[in-house]
Amino acid sequence: MLENLNEEQLEAIKTTEGPLLVLAGAGSGKTRVLTTRVAYLVSEMGIDPSNILAITFTNKAAKEMKDRIYKMLGSLAYDIQISTFHSFGLSILKEHYKELGYDKNFTILDSDDSLTVVKKIMKDMDLDPKKFNYKMIRNRISSAKNELMSPKDLERFIGNDIDQLVVDVYRKYQDKLEINNSLDFDDLLMLPITLFRKYPDILARYQERFKYVLIDEYQDTNEAQYILTKLISSKYKNICVVGDNDQSIYSFRGSNYQNILNFEKDYKNAKVIMLERNYRSTKQILDVANTIIKNNKLRKDKNLWTDIEDGDKVIYHRSLNEKDEAFYVKEKIEELRKTSPLSEIAVLYRTNAQSRNMEEALLQANIPYKVVGSIYFYKRKEIKDLLAYLSVVYNNRDDINLLRVINVPKRGIGTKTIENLEVQARISGKSIYEVIDSGKELEFKRIIEDIKEKQENMSLTELVDYILERTGIREELTSDDTIENEVRLENLEEFKSITKTFEEERGIVSLEEFLDELSLVADATEYQNNTDVVTLMTVHSAKGLEFDNVFVIGMEEGIFPHQNSLMESSDVEEERRLCYVAITRARKKLWLINCKTRTLYGMDSANPVSRFIKEIDDDLLIKENIQDERKVITKANMIDKNAEYNIGDKVSHDTFGVGVVVSIDKSIVTIAFPHPIGIKMLMKGHKSIKKI
DNA sequence: GCCTAAGTGCTTTTT
DNA sequence: GCACTTAGGC
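This text gives an overview of the structure that appears in the document. (Residues numbered from 1 in each chain as written. Chains lettered and ligands numbered in written order. Predicted model: local features only at pLDDT ≥ 70, side-chain atom pairs only at ≥ 80, totals over all residues. Heavy atoms only, no water.)

One open sheet accounts for 6 strands, arranged 3-2-6-7-1-8; its pairing is parallel. If you trace the sheet from one side to the other, it starts and ends with strand 3 (81-84) and strand 8 (271-275), each paired once. Averaged over all pairs of adjacent strands, the angle between their axes in this sheet comes to 15 degrees, without regard to strand direction. Where strand 2 (residues 52-56) and strand 6 (residues 212-215) come together, 4 bridges link them in parallel fashion. By the bridge assignment, I55 is partnered in strand 6 with I215. Strand contacts of helix 2 (residues 30-43): strand 1 (20-24), strand 2, strand 6, strand 7 (239-243) and strand 8, with the helix running at about 170 degrees to strand 6, the strand carrying the most contacts. Lying on the sheet, helix 3 (residues 59-73) is in contact with strand 2 and strand 3; it crosses strand 3 at an angle near 160 degrees. (Pairing = 2+ DSSP bridges. Helix = DSSP H or I, 4+ residues; strand = E, 2+ residues; numbered from the N terminus. Axes fitted to C-alpha atoms, helices over the stretch in contact; angles between N-to-C directions. Contact = heavy atoms within 4.5 Å.)

What follows is the structure in structure tokens.
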């Protein structure tokens with residue numbers, strides 16, 4: 001078990017008592033240290049497996065850790081609690097929902113559902129939707145929760161009308177969730193803390209149970225996660241946190257990498273171990289990563305090194321456009337697959353939207369791939385509808401899901417009826433299901449009741465089938481023979497194969513178990529078992545993974561670093577850390593790719609080369625296709641029909657600033673906007689363009 | 001109540 | 001470019 005470990009790794013494993021901070025650079029064997037440490041605690045120190053709590057951020061990391069520990073400990077591993085923060089929170093709430101005023105069958109809303117609730121509340125408040133951004137309000141509520149602030153706590157910080165509005169909506173939002181017996185993602189972290197603060201005896205039991213606590217990716221913890229771990233480990237203080245401040249990439253979710261830098265202050269006698277030797281990447285790749293990350297000002301310097309000297313140089317390729325970019329990657333993959341399994345190839349990008357062209361290219365070339373984190377499966381209407389039915393069957397009081405399907409398929413329940421139901425529910429403080437007592441909606445209620453009754457003697461897959469039958473969804477989709485309906489049916493069949501896999505792996509699965517897991521794992525690829533395929537994913541999802549061959553596409557200003565990060569230097573630094581994460585995923589070969597022009601938001605644009613590429617020393621790269629920079633002009637339709645345009649005219653745009661008309665061809669006017677957008681073209685009828 | 005066409009706004013990253 | 005909303009006719 002302890003073979004082939006270096007001195008620092010061994011020390012991290014054997015320091016079992018007291019607080020321990022492991023600063024682990026990329027590829028330094030962090031996961032190995034964590035898993036071996038757990039195994040060591042059990043097999044060498046004789047610690048009861050059920051006294052150990054290991055927390056990760058992603059389901060994937062948790063699964064990986066479980067598998068590895070299982071290999072070392074066998075079935076003893078089952079008693080170790082290894083989970084993500086959110087699933088750990090959920091497990092606490094499953095035991096103590098009563099103390100918090102919830103019923104056993106509470107449901108968990110995904111972030112779209114939360115947004116729907118916020119929208120609804122704001123509409124009820126008669127707020128002009130154009131004036132207030134729902135998403136912004138939802139995000140503010142979410143941040144407040146992650147900072148452990150109730151509406152009342154937040155009140156003290158009101159400085160303007162918007163703040164006041166956030167507090168008002170937050171209060172109503174929380175009331176709504178409680179009436180609906182439902183929780184959002186943030187509640188999974190916040191409520192356990194509320195519980196522990198209110199009931200010290202319950203906390204004491206958890207402290208007693210989890211005498212040994214391990215936290216992975218500690219640099220990504222937010223306030224709620226930080227407090228939660230602190231509470232649980234505050235009695236025995238056997239807390240081991242592992243992380244790398246250079247890989248902190250979740251500040252948008254409230255994570256604070258100061259948590260890792262402050263660890264020594266929090267725990268006075270903390271031991272600190274640095275893992276600086278990289279076992280993953282070649283020197284050529286590591287050099288590129290190091291030259292980029294050293295541009296961050298707010299950073300603790302460290303020296304990540306490797307002795308893998310003989311590698312290939314990193315390639316920087318510049319394509320014509322995004323199609324060409326995808327084509328290039330496809331060509332390279334076809335070469336690679338002669339010598340490497342497809343599972344050792346990853347294509348990484350900054351935003352999910354970038355997967356599309358890549359998918360098309362791979363599809364055309366018959367190269368199997370998977371898109372990780374692609375939630376599009378669960379976002380599809382038919383799947384969401386089915387899930388909504390399952391949720392309502394499980395928790396009748398879940399208004400959000402009920403309203404989604406009360407008229408699906410069409411049953412003649414329209415806006416008026418629904419409005420009435422909502423009003424009734426609001427005055428009586430009940431859920432919609434509870435106030436239904438007549439009309440077509442009673443018919444709906446009967447369907448749900450019937451499914452609930454039948455459910456008792458059915459497997460999960462049978463239940464899904466019965467819902468499709470009883471609700472009329474299947475009939476609706478088969479009665480009209482269109483391609484769209486065909487696809488929908490296929491997706492529903494695919495869903496059934498997910499439930500089947502579930503049941504094969506775990507035997508009888510309750511609806512509760514299934515819904516819980518789906519709400520925490522919104523990624524269809526987690527349940528696919530095709531292994532030898534190319535992996536497409538965002539850089540964020542790639543964290544913690546490694547591949548022999550890595551392509552990073554879209555290395556352009558405005559994309560990577562992303563447009564929205566360019567205003568704040570601290571945000572650009574986070575983008576740089578993200579870039580560092582991307583590069584350090586590669587073991588052997590790395591390609592950095594961008595293109596001269598691409599279609600973005602429905603417009604053609606020419607983005608400058610990413611600053612991260614420019615930060616790399618020339619002699620570290622092989623450059624391909626680099627020529628005539630910055631003269632690319634693309635065209636599209638245009639604009640304010642009432643105005644006349646001449647070359648050289650100045651125009652202004654709310655987002656892009658002041659631009660100059662560079663060419664006119666019939667109805668197409670091309671406008672150049674300054675850095676960093678590059679040159680943007682605008683479509684016909686775009687009102688935000690004004691001639692000056 | 002339902003359907004369609006036209007209009008609008010927005011896309012960062014995730015549990 | 002797309003998903004989502006809205007208005008207006010049936």
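There is more to say after this.
Along the polypeptide, H540 turns up in helix 27 (residues 539-542). A distance of 3.2 Å separates the side chain of H540 from the backbone oxygen of I249, its partner in a polar contact. What H540 contacts, discounting residues up to four positions off in sequence, is I249, Y250, F252, R350 and L578. (Polar contact = N/O pair within 3.5 Å; in protein donor to acceptor, adjacent residues only side chain to side chain.)

This next bit is on the sheet that holds strand 14 (residues 586-595). A sheet is described by the order of its strands in space; here 7 strands give the open sequence 11-12-10-13-14-9-17, paired in parallel fashion. Where the open sheet ends on each side, the last strands, each with one partner, are strand 11 (369-371) and strand 17 (621-624). Across the sheet, the mean angle separating the axes of adjacent strands is 20 degrees when strand polarity is ignored. Relative to the sheet, helix 14 (residues 283-293) contacts strand 9 (314-319) and strand 14, its axis offset from that of strand 14 by approximately 50 degrees. Lying over the sheet, helix 28 (residues 569-583) contacts strand 10 (345-349), strand 13 (547-552) and strand 14, oriented at roughly 130 degrees with respect to strand 14.

This part covers the packing of aromatic side chains. Evaluation of the coordinates by the stated rule reveals 13 aromatic pairs. Ring centres of F551 and W591 lie 4.4 Å apart, and the angle between their planes is 15 degrees; this geometry places the pair in the stacked category. Note that F551 is positioned in strand 13 and W591 in strand 14, a separation of 40 residues in sequence. Members of the aromatic cluster, each reached through a chain of ring pairs, are F88, F196, Y206 and F210. Over the aromatic face of Y250 sits the side chain of R253, whose NZ or CZ is 4.4 Å from the ring centroid. R506 extends its terminal NZ or CZ atom over the ring of F502, reaching a point 4.3 Å from the ring centre. (Phe/Tyr/Trp six-rings, centres within 6.5 Å; stacked < 30°, edge-to-face > 60°. Lys NZ or Arg CZ within 6 Å of the ring centre and 35° of its normal.)

Now for a negative patch on the surface. On the surface, E476, D480, D481, E486 and E490 cluster together into a negatively charged patch. Take E476: it is sitting in helix 24 (residues 473-479). E476 gets classed as partly exposed once you look at its relative accessible area, which sits at 37%. (Patch = residues over 30% accessible without salt bridge, like charges linked within 9 Å, V, L, I, M, F, W, Y side chains within 5 Å. Areas by Shrake-Rupley, 256 points an atom, 1.4 Å probe, with all protein chains shown as cover. Salt bridge = Lys/Arg side-chain N within 4 Å of Asp/Glu carboxyl O. Lys, Arg positive; Asp, Glu negative; His and termini not counted. Charge placed at Lys NZ, Arg CZ, Asp CG, Glu CD. Buried < 20%, exposed > 50% of the residue type's maximum accessible area, 1.4 Å probe, protein only.)

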